[in-house]
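Spelled out from the first residue to the last, the chains are:
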Amino acid sequence: NLMAEVRNPKFLPIKELVDQLMNPPTSLETWKIRPLTGAFGAELTRGDARTDLAPGQLLDLLEKHLVLVLRDQFLSHADQVALARSIGEPTPAHPVVPGHPDHPEILELDGAKGGKNARWHTDVTFVATPPAGSVLVADVVPEWGGDTRWADMRTAYERLSPSLQQLVDGLEAVHRISPLAYWGEPFDSALSRDDAQKLFDDAAKVPPVVHPVVRVHPSTGKKALFVNPGFTTHIVGYSRIESDNLLKLLYEHATQPEFVLRHHWQPGDVLLWDNRATMHYASDDYGTAERRMRRVTIRGGNTVGPLGQQSHIVSDPLQTVR
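Remember, it's a predicted structure, so these values are computed and weren't measured experimentally.

### A word on the overall build of the protein
The helix and strand inventory of the protein stands at 9 helices and 16 strands. Relative to its 322 residues, the protein shows a buried fraction of 51%. Pairs at least 24 apart in sequence give 80% of the contacts found in the protein among residues at least 6 apart. Just so you have it, the protein exposes about 15700 Å², and 54% of that area is on carbon and sulfur atoms.

### Focus: the sheet that holds strand β12 (residues 260-263)
Sheets are built from strands that pair by backbone hydrogen bonding, the pairs being arranged parallel or antiparallel. Pairing in this open sheet of 3 strands is antiparallel, and the strands run β12-β6-β14 from one edge to the other. Two strands lie at the open edges of the sheet, namely β12 and β14 (278-282), each paired on one side alone. Strand-to-strand twist across the sheet, computed as the mean angle between neighbouring axes with direction ignored, equals 20°.

### A look at the sheet that holds strand β2 (residues 42-45)
With respect to topology, 7 strands assemble into an open sheet ordered β1-β2-β3-β13-β5-β15-β4, the strand pairing being mixed. Edge positions in the open sheet fall to β1 (32-35) and β4 (106-110), since each of these has one partner strand only. Going across the sheet, the axis of each strand differs from the next one's by a mean of 20°, ignoring polarity. Bridging between strand β5 (residues 133-140) and strand β15 (residues 292-298) involves 7 bridges; their strand directions are antiparallel. Bridging from a neighbouring strand, A138 pairs with M293 of β15.

### Section: the packing of aromatic side chains
One pass over the full model with this rule turns up 3 aromatic pairs. The interplanar angle of 65° and the centroid separation of 5.0 Å between the aromatic rings of F126 and F231 together place this pair among those described as edge-to-face. Here F126, found in the loop between β4 and β5, pairs with F231, found in the loop between β10 (223-225) and β11 (232-235); they are 105 residues apart in sequence, far enough to count as distant. For F126, a relative accessible area of 1% corresponds to the buried category. For F231, a relative accessible area of 1% corresponds to the buried category.

### What to know about the pattern of salt bridges
One pass over the full model with this rule turns up 15 salt bridges. The shortest N-O distance in the salt bridge between E63 and R276 comes to 3.2 Å. Taken together, the positions of E63 in helix α3 (residues 57-65) and R276 in the loop between β13 (270-274) and β14 put the pair 213 residues apart, joining distant regions of the chain. Across the pair D269 and R71 runs a salt bridge, and its minimum N-O distance is 2.7 Å. Here D269, found in the loop between β12 and β13, pairs with R71, found in the loop between β3 (67-70) and α4 (77-85); they are 198 residues apart in sequence, far enough to count as distant. The exposure class assigned to D269 is buried, which follows from its relative accessible area of 1%. The buried category is assigned to R71, whose relative accessible area is 12%.

### Quick notes on the side chain of H211
Along the chain, the position of H211 falls in strand β8 (residues 209-212). Within the structure, H211 has its side chain in polar contact with the backbone oxygen of V127 (distance 3.1 Å). Separated by 2.6 Å, the side chains of H211 and S311 make a polar contact. The contact partners of H211, leaving out residues within four places of it in the chain, are T125, V127, A128, P130, E172, A173, H175, F226, T303 and S311.

### Thoughts on the confidence of the model for the protein
Mean pLDDT for the protein: 87, with 86% of residues reaching 70 or above. Below pLDDT 50 for its whole length, residues 1-12 participates in 10 contacts with residues either more than four positions away or in separate chains.

### Re empty space enclosed by the protein
Unfilled space is identified by rolling a water-sized probe across the atoms. Counted according to the given criterion, the structure contains 2 cavities of 30 Å³ or more. What the largest cavity holds in volume is close to 100 Å³. In this structure, the largest cavity is lined by 13 residues; those nearest its centre are L109, N117, L136, H280 and A282. For the lining of the largest cavity, the secondary-structure elements that each account for two or more residues are β6 (148-152), β14 and β15. Taken together, the residues that form the lining of the largest cavity break down as 6 nonpolar, 4 polar and 3 charged. Its volume calculated, the second largest cavity comes out at about 40 Å³. For the lining of the second largest cavity, the elements supplying multiple residues, two or more each, are β9 (214-216) and β10. Of the residues in the lining of the second largest cavity, the class split is 3 nonpolar, 2 polar and 5 charged.

Conventions we followed
- Residues numbered from 1 in each chain as written.
- Predicted model: local features only at pLDDT ≥ 70, side-chain atom pairs only at ≥ 80, totals over all residues.
- Heavy atoms only, no water.
- Helix = DSSP H or I, 4+ residues; strand = E, 2+ residues; numbered from the N terminus.
- Buried < 20%, exposed > 50% of the residue type's maximum accessible area, 1.4 Å probe, protein only.
- Contact = heavy atoms within 4.5 Å.
- Areas by Shrake-Rupley, 256 points an atom, 1.4 Å probe, with all protein chains shown as cover.
- Pairing = 2+ DSSP bridges.
- Axes fitted to C-alpha atoms, helices over the stretch in contact; angles between N-to-C directions.
- Phe/Tyr/Trp six-rings, centres within 6.5 Å; stacked < 30°, edge-to-face > 60°.
- Salt bridge = Lys/Arg side-chain N within 4 Å of Asp/Glu carboxyl O.
- Polar contact = N/O pair within 3.5 Å; in protein donor to acceptor, adjacent residues only side chain to side chain.
- pLDDT = per-residue confidence, 0-100.
- 1 Å grid on protein atoms, 1.4 Å probe; cavity = no way out; pocket = protein on both sides within 12 Å on 5 of 7 lines; lining within 4 Å.
- Points joined across faces, edges and corners; volume = space filled by probe spheres on them.
- Nonpolar A, V, L, I, M, F, W, Y, C, P; charged D, E, K, R; others polar.

Rendered as structure tokens:
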């Protein structure tokens, strides 16, 4: 019996025994893990995200692969928040968009109600401490279209020529909320004029922020490009011609097919991505079909560049003029 084991010195110490009883070991052996590209992304099947992951395992996998696809999970809202908490601290749903009434961490993304994201972007880089990652759950997926693409900004940086790496290592860029940035081109939003005006007014209260163009991952130490068409307005100290064309070069380079993973959604899918080394794009090619997702973001820290640059709120208004 338990007391006999505690008194007998040949058995485990009480603390270790209690730890094992309270936290039975789990491992990744339950899961089948399959790489999705030669550089990043992995698919996990045959396991249950609620029970078949030990503390820290999912975060380790995420920081290694940058994008994780967990199939056949069918997570409830509470399950999704719990899964997000297993890798970090969830943030409120969005700086200017309200969250779910019962789960304020969850941002609901309904394609019929303005929840489209047809533009390359990295989530919420318009704040000084952008999210470290996100957990996205598919509730309703269209029979065709609606795929989401992720760009591997880590490999994109590594494949730049050494001279261009040296250039961008020392640069900084302004990021600013674009209140209607997500709906792509041609502009097609389900928002009413009043809703759009409120979003615009709320966005005007969020001050611009400067981030390094290249950020060093706080866990892996690897460098990744950290600019995106959704929220990066310009490179600090560059003319409009210099800034626009250098950013265009970086975006075209980073979105080459070799650096992009395209995910076709299935019911029950859960997607996690490292927001510090990716950007993504939700294809708006499903017409009027229903597409509903929900997202939880994980709190991030300050962005640090290769030369020690750190993110900061813009204090000089001349830096933000464009």
